[in-house]
Amino acid sequence: MNATPRTLSDAEKRTLYRDGYIILKGAVAPDLVETALRRIKAAKKGEHLGTTPEMTNLVNESDVTPVLHEAMGQFDPPTNCQVAVNKARPPGDYFNNLGYRDRDMPYYGAESHMDGLCTIGVPQTVQEGTPDEIYLRHISSGPKGDLGRHPEVIGHNTVPLFQDPEMTLGMGSFTAFVFVCLNDQTREGCGQTSLLKGAHHATEKFLQWQRETNGHMGPEGPGWPRINFDAPNRCGHVYLPESVREQFLDDDSETTPDGKRWPRPTQALMEPGDACITVFHMPHSGTRNEHGTESRKNMIFRIRNKKRQPGHVVSGVTDHPDRGSMGAWLEYEEGNDPWERSRDALCNQWEEWEGMSRIVAEEWAAAIT
Ligand SMILES: [Fe+2]
């Protein structure tokens, strides 16, 4: 055991501030990695491993916890995580969540998105009808059936269409992602997580603008339609507002066959035991494991600063902790408006990174001088 817990240096915090993420080399000790891999190998078909101590210890017993405690603040030790094991496979013909053929999508099929968004499986046939007809057909095809445009609607990813009863907050939120790498992902095209470096500043600014404009935030707020009716299947999700996407296009951007350009993400190249920590606002995506010789194995944790809702325990897997499983409504005491707290967090991401405040203040001061 190290006597002094690992923390981020000032230089690492500056990287986290500027890029929106940092890769912690060897954050998880080899014996924890080995134990997790053995458990994955021993899994029964269909077994969910996210709640096993072998997976949750990757955060709870590793350097990730002291690093986050110092840089971010207190949080519930995760009791669950997303098991992201992706088999090696060739490009597919199916329509991805953006409504494009998987094989046509650049950067190994990256679908850069913010988390907390409702995803209903997109139609696999080209849609006909008016945009309104396509929209209503789409939202009625979720797991709860046809409820119309309603806050009870949830996606196949179980995220509600809107978080709040008034349908003015179209996204869930938390504070930090942790991607723990369990296999060799040092070459591109092995299914690694991809990140839109620096775009966390742009998404935050966009959300501030939405709030100022009319208080409606996320998809279906200003500047962010939920559905792209111009996608090849005429019903693709808009996972990033166009005005954010545009800021990251350059001569290096690759295109889909319709001529649309897509921002080039950075592939998070990691070795077993490395962990990537990002802010919630970071657009990201898994990618296709096209060249891998084994399945890509990442455990994904979603961490919320305890001060957002001290009375509620979060598991570490949900991206919309203001609501319960399958969209259940949670109890909040008098005067505690969870939607307003989340709007505040969406508009000021560093507020929940308590150990970053000096670095953030220095970066802001440097930006105006
Ligand atoms: Fe995601």
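The rules behind these values
Residues numbered from 1 in each chain as written. Predicted model: local features only at pLDDT ≥ 70, side-chain atom pairs only at ≥ 80, totals over all residues. Heavy atoms only, no water. Helix = DSSP H or I, 4+ residues; strand = E, 2+ residues; numbered from the N terminus. Rg over C-alpha atoms; globule rule 2.2 N^0.38 Å. Buried < 20%, exposed > 50% of the residue type's maximum accessible area, 1.4 Å probe, protein only. Contact = heavy atoms within 4.5 Å. Lys, Arg positive; Asp, Glu negative; His and termini not counted. Charge placed at Lys NZ, Arg CZ, Asp CG, Glu CD. Donors = N, O, S within 2.8 Å, 3.2 Å for Na, K, Ca; no water. Axes fitted to C-alpha atoms, helices over the stretch in contact; angles between N-to-C directions. Parallel < 35°, antiparallel > 145°, perpendicular 65-115°, else oblique. Nonpolar A, V, L, I, M, F, W, Y, C, P; charged D, E, K, R; others polar. Expected span 1.5 Å × (residues − 1). Arc of directions from axis to C-beta. Pairing = 2+ DSSP bridges.

Student: So what about the overall build of the chain? Which residues, and what values?
Tutor: Tallying secondary structure elements over the chain gives ten helices and twelve strands in all. Here the chain has a C-alpha radius of gyration of 20 Å; the compact-globule value for 369 residues is 21 Å, and the two agree. Principal-axis analysis of the C-alpha atoms gives the chain an extent of 65 × 50 × 45 Å. Counting over 369 residues, the chain shows a buried share of 54%. Here the contacts in the chain between residues at least 6 apart in sequence split such that 75% fall between residues at least 24 apart. Between the averaged position of the 39 positive side-chain charges in the chain and that of its 53 negative side-chain charges there is a distance of 4 Å.

Student: Can you break down the coordination of the iron ion residue by residue, with the values?
Tutor: Taken together, the protein donors to the iron ion comprise His 113 (NE2), Asp 115 (OD) and His 284 (NE2), at separations of 2.1 to 2.2 Å. One chain supplies every donor to the iron ion, and in sequence these donors are spaced H-x1-D-x168-H. The pair formed by His 113 and Asp 115 is uniform in burial state, with each residue classed as buried.

Student: Can you break down the packing of helix α7 (residues 199-214) against helix α9 (residues 338-347) residue by residue, with the values?
Tutor: Interaxial distance between α7 and α9 falls to 8 Å at its minimum, and their mutual angle equals 135°. When the axes of α7 and α9 are compared, the pair comes out oblique. Along the contact surface, α7 presents Glu 204, Leu 207, Gln 208 and Arg 211, while α9 presents Glu 340, Arg 343, Asp 344, Leu 346 and Cys 347. Considering only residue class, the contact of α7 with α9 consists of three nonpolar, one polar and five charged.

Student: Could you give me a rundown of helix α2 (residues 30-41), with the residues and numbers involved?
Tutor: The end-to-end C-alpha distance of α2, which contains twelve residues, comes to 16 Å, matching closely the 16 Å that a straight helix rising 1.5 Å per residue would cover. Leu 32, Val 33, Ala 36, Arg 39 and Ile 40 are the residues of α2 that are buried. The buried residues of α2 occupy an angular sector of 125° when the element is viewed end-on, so they sit on one face. Seen from the open side of α2, the exposed residues pointing more than 90 degrees away from its buried face are Pro 30, Asp 31, Arg 38 and Lys 41. Where α2 is buried, its residues meet α3 (53-60) and β12 (296-303).

Student: Give me the sheet that holds strand β10 (residues 275-279): which residues, what numbers.
Tutor: On the basis of which strands lie adjacent, the open sheet formed by five strands has the order β1-β10-β3-β12-β2 and antiparallel pairing. In this open sheet, the two edge strands, each paired with only one partner strand, are β1 (21-24) and β2 (82-86). The average angle at which neighbouring strand axes cross in this sheet is 20°, direction not considered. In this structure, β1 lies alongside β10, joined through four bridges in antiparallel fashion. Bridged to Ile 22 within β10 is Ile 277. Here α3 sits on the sheet and contacts β3 (176-181) and β12; the angle it forms with β12, its principal contact strand, is near 60°.

By themselves these figures say nothing about function.
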